[in-house]
Amino acid sequence: MTTTDSDFEVDPATTILGIETSCDETAAAVVTGGLDVRSSVVSSQVDLHARFGGVVPEIASRAHVELLTPVVAEALVEAGVDNGGIDAVAATVGPGLIGSLLVGVSAAKALALVWDVPFVGVNHLEAHFYASFLEEPGLETPMVVLLVSGGHTMLVRFEDHGRYEVLGSTIDDAAGEAFDKVARYLGLGYPGGPAIDREALKGDPEAIRFPRSMIDEGLDFSFSGLKTAVINHVRKHPDASTEDVAASFQAAVVDVLVAKAKRAALEAGAKGLCLGGGVAANSLLRERFLDTCTEIGVHGFLPSRAMCTDNAAMVAAAAWFRLRDDGPTPLDAGADPNLYL
Ligand code: KG4
Ligand code: ZN
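These notes cover the structure that comes with them. (Residues numbered from 1 in each chain as written. Chains lettered and ligands numbered in written order. Predicted model: local features only at pLDDT ≥ 70, side-chain atom pairs only at ≥ 80, totals over all residues. Heavy atoms only, no water.)

## Structural notes on the site of ligand 1
(1) Moving on: The environment of ligand 1 is made up of 19 residues, and the closest members are Gly150, Asp180, Gly193, Asp197 and Gly278.
(2) Moving on: In the model, an oxygen atom of ligand 1 is placed 2.7 Å from a nitrogen or oxygen of the Asp180 side chain.
(3) Moving on: Gly193 is positioned such that a nitrogen or oxygen atom in its backbone is 2.9 Å from an oxygen atom of ligand 1.
(4) Moving on: When the free accessible area of ligand 1 is taken as 560 Å², the share hidden by the protein chains comes to 88%.
(5) Moving on: With respect to the detected pockets, ligand 1 is housed in the largest pocket.
(6) Moving on: For the shell around ligand 1, the secondary structure elements donating two or more residues are α4 (124-135), α5 (175-185) and α6 (192-200).
(7) Moving on: In terms of residue count, the dominant contributor to the shell around ligand 1 is α6 (four residues).
(8) Moving on: Each residue belonging to the shell around ligand 1 can be placed in one class, and the counts come to four nonpolar, 12 polar and three charged. (Near = heavy atom within 4 Å. Polar contact = N/O pair within 3.5 Å; in protein donor to acceptor, adjacent residues only side chain to side chain. Areas by Shrake-Rupley, 256 points an atom, 1.4 Å probe, with all protein chains shown as cover. 1 Å grid on protein atoms, 1.4 Å probe; cavity = no way out; pocket = protein on both sides within 12 Å on 5 of 7 lines; lining within 4 Å. Sits in = over half its atoms within 2 Å of the grid points. Helix = DSSP H or I, 4+ residues; strand = E, 2+ residues; numbered from the N terminus. Nonpolar A, V, L, I, M, F, W, Y, C, P; charged D, E, K, R; others polar.)

Right, dumping it as structure tokens:
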């Protein structure tokens, strides 16, 4: 077998080392058979970026270079596999920060070459879907996934492994980006999502009626008007309670996300509705999402908070199915910061 052999046989014992470095988490995981997570190590760079109020790409790439070797070593040790126990090495090839992506992709290719095993390039968005399968392998299809992260907001109809259709996406800011920008404006620090989530618990979600942009139209999203409305409100009412602003902003985002997910599930004839991406860790969204699934009679699935945010187990899981269906990725394939689904 060569490292680009398209006849590579994938079976339930195939063990994949996954690497994730698309943004500010350096992660490695070992997954067997696409679903059995044997280790998952995530080293967050949040503390490095917090004082800048957001991810600084140059700092992120340098930190990945320093952290990746120990993170991979820990994932291998925790999984109890030695070098000979890995059958393929996968890495996120996009979308993400190009400098960060290249660190993971180069490391994965180097390991694949040294161990003479296939390399598998994984789409980060596709990987987020697999977070759900890892925790609930029996998910029924077709299902609709609401993927809400710092860089993306999309509704996807998932028909089968590798077969999906984007039903809607944001026309401006991503949901997580709106959380991060509003939190920054309110002085709540970075990352903004968890900060707003915490602050909102103490506030009144009905205190301010922020706009629910495009809530009655189609399946695309727009959050930039909401962000501007929050900023204008705080400028006009400098004494407004931060808790109430956070709670009212969060309620507006969640209303829109839930309304569109419901519409998508009904239109797509989905049997299940899943959440994915960092914003899926949001407490109000999780609660309202499950209520909506019960209301429309579809199976609702929420990955654990650790599985919602970036990790490499989802990369290794997605890679198993990619390898099974398409074979290895050529070693001369590059990283693509704007990779789409
Ligand atoms: O998927 P992810 O870890 O990285 C990307 O691929 O973007 O998502 C990160 C995003 C950030 O915008 C962060 O503020 C948001 O997820 N986030 C949250 C929560 N936890 C993380 N947003 C709202 N509520 C949360 N609890
Ligand atoms: Zn992500």
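## Overview of the sheet that holds strand β4 (residues 88-94)
(1) Moving on: With mixed pairing, five strands are arranged side by side in an open sheet as β3-β2-β1-β4-β5. With partners counted over all chains shown, the strands left at the sheet margins are β3 (36-44) and β5 (119-123), one partner each. Recorded for the sheet is a direction-independent mean angle of 20° between the axes of neighbouring strands.
(2) Moving on: Sheet topology note: the β4/β5 ladder contains five bridges and is parallel. Bridge assignment links Gly94 to a residue of β5, and that residue is Asn123. (Pairing = 2+ DSSP bridges. Axes fitted to C-alpha atoms, helices over the stretch in contact; angles between N-to-C directions.)

## Thoughts on helix α11 (residues 313-326)
(1) Moving on: Taking 1.5 Å of rise per residue, 14 residues should cover 20 Å, and α11 covers 20 Å from first to last C-alpha, within 8% of that figure.
(2) Moving on: Burial runs high along α11: 10 of the 14 residues are buried.
(3) Moving on: All of the buried residues in α11 are Ala313, Met314, Val315, Ala316, Ala317, Ala318, Ala319, Trp320, Phe321 and Leu323.
(4) Moving on: Of the residues flanking the end of α11, it is Gly327, one or two places downstream, whose phi is positive at about 80°. (Expected span 1.5 Å × (residues − 1). Buried < 20%, exposed > 50% of the residue type's maximum accessible area, 1.4 Å probe, protein only.)

## Regarding the coordination of the zinc ion (ligand 2)
Octahedral six-donor coordination of a metal ideally yields angles of 90 or 180 degrees, compared with 109.5 degrees for tetrahedral four-donor coordination.
(1) Moving on: The coordination sphere of the zinc ion (ligand 2), as far as protein atoms go, consists of His124 (NE2), His128 (NE2) and Asp310 (OD), spread over 2.1 Å.
(2) Moving on: Look at where the donors of the zinc ion (ligand 2) fall in the sequence and you get H-x3-H-x181-D. One end of the pair, His124, is in helix α4; the other, Asp310, is in the loop between α10 (305-308) and α11, with 186 residues separating them in the sequence.
(3) Moving on: A relative accessible area of 6% means that His124 is categorised as buried. (Donors = N, O, S within 2.8 Å, 3.2 Å for Na, K, Ca; no water.)

## Details of the sheet that holds strand β9 (residues 272-276)
(1) Moving on: Sheet architecture is open: five strands sit in the order β8-β7-β6-β9-β10, paired in mixed fashion. Because the sheet does not close on itself, it has two edges, and the strands there are β8 (163-169) and β10 (299-301). Geometrically, the sheet is characterised by an average inter-axis angle of 20° between neighbouring strands, direction not taken into account.
(2) Moving on: The pairing of strand β7 (residues 153-160) with β8 spans six bridges and is antiparallel. The residue of β8 that forms the bridge with Asp160 is Arg163.
(3) Moving on: Sheet contacts for helix α8 (residues 242-267): β6 (143-148), β7, β8 and β9; angle to β6, the most-contacted strand, approximately 155°.
(4) Moving on: The sheet strands contacting helix α9 (residues 283-296) are β6, β9 and β10, and the helix crosses β9 at an angle near 170°. (Contact = heavy atoms within 4.5 Å.)

## Looking at the layout of surface pockets
(1) Moving on: Taken as a whole, the largest pocket holds about 1,300 Å³ of empty space.
(2) Moving on: Looking at the largest pocket, it is lined by 41 residues, and the ones nearest its centre are Cys23, Ser149, Gly150, Asp180 and Tyr190.
(3) Moving on: Listing elements by their share of the lining of the largest pocket, those giving two or more residues are β3, α4, α5, α6 and α10.
(4) Moving on: Here the residues of the lining of the largest pocket are counted per class, giving 15 nonpolar, 17 polar and nine charged.
(5) Moving on: In this structure, the second largest pocket occupies an estimated 270 Å³ of space.
(6) Moving on: What lines the second largest pocket is a set of 18 residues, among which Pro205, Glu206, Ala247, Ala251 and Leu284 lie closest to the centre.
(7) Moving on: When grouped by side-chain class, the residues that make up the lining of the second largest pocket number eight nonpolar, three polar and seven charged. (Points joined across faces, edges and corners; volume = space filled by probe spheres on them.)

## Points about unusual backbone geometry
(1) Moving on: Residue Pro95 is bonded to the preceding Gly94 through a cis peptide linkage, with omega at -10°.
(2) Moving on: Mapped onto the secondary structure, Pro95 falls in the loop between β4 and α3 (98-115).
(3) Moving on: A positive phi is found at Asp116, a non-glycine position, where the angle reads about 55°.
(4) Moving on: Within the fold, Asp116 resides in the loop between α3 and β5.

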